[in-house]
Amino acid sequence: MANEKVDVVIVGAGASGSVYASVLAKQGKKVVLLEAGPDWQLTDLISSDFWGRRVKPAGPPFLLEGKNPYGYVYQAGWGVGGASLHYFANFPRLMPNDFKVKSTYGKGLDWPIDYADIAPYWDKVADDVGVSGDAKAEEVWRPAGKPYPMPPMKTFPGGDAWKKGFAANGMRLTPAAVGINSTEYKGRPACIYDGWCHVGCPIGALANPLVTYLADAKKAGAEVRAHSTVTRVLMSADGSKATGVEYYDAKKEKQVQEASVVVLAAWAAQNPRLMLNSAGGKHANGLANSSGLLGKYMLAHFASGTSAMFDEDMQPYMGTIAAQYFSYDRYDKNSYKDKGAFGSTFMVAGSAQRYSALGGVANARLDLFGADLAAFMKRAAKGYTRLTAFGEEMPSLDNRVELASDKDEFGMPLGKITHGFNDEAVALFNANFEQGLAIAKATGAKEAWSNKGPMPTIHLMGGTIMGHGTGDSVTNSFGQTHEIANLWIAGPGIFPTSGAPNPTYTIFALSLRGAENLATNFGAVAG
């Protein structure tokens, strides 16, 4: 069944899709967003790890393979708002040394743009959605910029305790920049510091799409269709233009949505899966894939966690799931060169602690069971706090998304994500544990230990990277595919390298930059 043609169809109603929808709907464009999951409202968000599980998918439409298979379910989104419905809302930014890694170090890839190209959009996003922090304090690491619209969040003993340990190791902490309200902002209330951000904020203090860009888009006339699973991008007979998408609705009936412009804003691995499944005609190897790089250079962060236990009351249940403080003092990519490591490290301290779920306190001591675990949990309820170091891996052609022979319920081939960390990333993972333990021991904690387990994969990026042309990439710096002018990609898939910080602030900023460019040039792009 064909629907009335629109100006723009956007696949995915998460962080990046909501930005495109807002910008284009405000320009008077007729916009439809297609989202595979439910149409969540703030009233659906319940502060419980059990109920919070609903906003995450039951399982991936991907086979997860390789030396370090990608961890999907905990981080992915299911429904309107996407993963940013339940994200931690840490809002660090990339640093200037992230953009020319190949030119500077002879490793990785270069971005076709620099820090200065994105900086104005980080500032715009901060004003749009509300960011709390101390931009002036961050200037010890980055160029000066606009102040954040709100002051830093409150701090609690579980964050403040880390200051002594960092200082003893010659390192600095600044208040963490977060997409959470420290004060009332644009009619949205201030945070109540109950630490349930990771299952969705029901009061709207956290900057998720439902209360920011997506709300603006709907107000401007954009339509959101939930339970709409896109399986293919449709192309003109000559293969020169995208004409719309094919999708299955809530009744699992096939639908077609024609559009002048198609924006793929799904998960970083889902966009290449769709493009590979749309192969045909002059795009026999997948859409916009003359470079052969579609689905290649998939990237992930990893985390090295360090725990500390105090006799004093750390109030670990208070705060946000993001962080109270952060540090870029090990961001030089050669910080641990003497240990065989390469890549940046970004550290966060003082997250609010929950006691169950994947990242809960119960998993801080995997060696304890029964009465010993119960005794530990009683002490942790008062005296526990945590430090996390995020590490960067370099892009590799071996880390990739392909189509599998197995198919989903709609007859679309499953994706297959193959991922493994190289020796330098493993060395960085280990070096961050050493550094974290040195910091923890210097805090004066009664106990300090490393939370070392299998090397995790966090924040999937890459697969549709930006670059200068078809010889080195899939899109330009705005997310427009090189070969199909009216097919655009949004989200972390266009990152050529990952840096070390949480990516969502940069996802918002790049999406705003891309959406404004599309709006300015819409006539020429749509044809």
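Everything below is about the structure printed above this text.
## A closer look at the packing of aromatic side chains
So, point 1. Scanning all chains against the criterion turns up 26 aromatic pairs.
So, point 2. Judged by centre distance (5.7 Å) and plane angle (50°), the ring pair of Y70 and W267 falls under tilted. Of this pair, Y70 sits in the loop between β3 (62-65) and α3 (101-105) while W267 sits in the loop between β8 (254-264) and α8 (270-277), placing them 197 residues apart in sequence.
So, point 3. Since its relative accessible area comes to 3%, Y70 is described here as buried.
So, point 4. Here W267 falls in the partly exposed class, since its relative accessible area comes to 22%.
So, point 5. A ring pair is formed by Y328 and Y331, whose centres lie 5.2 Å apart and whose planes are at 65°; its orientation type is edge-to-face. The exposure classification of Y328 matches that of Y331, with both residues buried.
So, point 6. These aromatic residues form a ring-pair network of at least three members: Y87, F91, Y115, W122, Y213, Y505 and F508.
So, point 7. One cation-aromatic arrangement involves K107 over F342; the distance from NZ or CZ to the ring centre is 4.5 Å.

## With respect to the sheet that holds strand β13 (residues 400-407)
So, point 1. Strand order in the open sheet formed by 3 strands is β3-β14-β13, and the pairing between neighbours is mixed. Since the sheet does not close on itself, it has two edges, and those belong to β3 and β13, each with one partner. Taking the axes of each pair of neighbouring strands and ignoring which way they run, one obtains an average angle of 30° across the sheet.
So, point 2. Where β13 lies against strand β14 (residues 413-418), 5 bridges are found, and the strand directions are antiparallel. Of the residues in β14, the one forming a bridge with L403 is G415.
So, point 3. Across the sheet, α8 touches β3, β13 and β14, and the angle it forms with β13 is around 60°.

## A short note on helix α4 (residues 115-129)
Residues lying three or four places apart along an α-helix face the same way, a consequence of the helix completing one turn every 3.6 residues.
So, point 1. Between its first and last C-alpha atoms α4 spans 21 Å; for 15 residues at 1.5 Å apiece the expected length is 21 Å, and the two agree.
So, point 2. Among all positions in α4, only Y115, I118, A119, Y121, W122, D123, V125, A126 and V129 are buried.
So, point 3. Residues of α4 that are buried make contact with α7 (213-219) and α11 (504-520).

## Section: the state of the cysteines
So, point 1. Using the criterion set out here, one finds 0 disulfides in the structure.
So, point 2. Among the cysteines around C197, which has no disulfide bond, C191 carries the closest sulfur, lying 6.0 Å off.
So, point 3. A residue is classified by how much of its surface remains accessible, and C197, at 8% relative accessible area, is buried.
So, point 4. The thiol of C201 is not disulfide-bonded; the next cysteine sulfur, from C197, is found 6.8 Å away.

The rules we used
- Residues numbered from 1 in each chain as written.
- Predicted model: local features only at pLDDT ≥ 70, side-chain atom pairs only at ≥ 80, totals over all residues.
- Heavy atoms only, no water.
- Phe/Tyr/Trp six-rings, centres within 6.5 Å; stacked < 30°, edge-to-face > 60°.
- Helix = DSSP H or I, 4+ residues; strand = E, 2+ residues; numbered from the N terminus.
- Buried < 20%, exposed > 50% of the residue type's maximum accessible area, 1.4 Å probe, protein only.
- Lys NZ or Arg CZ within 6 Å of the ring centre and 35° of its normal.
- Pairing = 2+ DSSP bridges.
- Axes fitted to C-alpha atoms, helices over the stretch in contact; angles between N-to-C directions.
- Contact = heavy atoms within 4.5 Å.
- Expected span 1.5 Å × (residues − 1).
- Disulfide = S-S within 2.5 Å.

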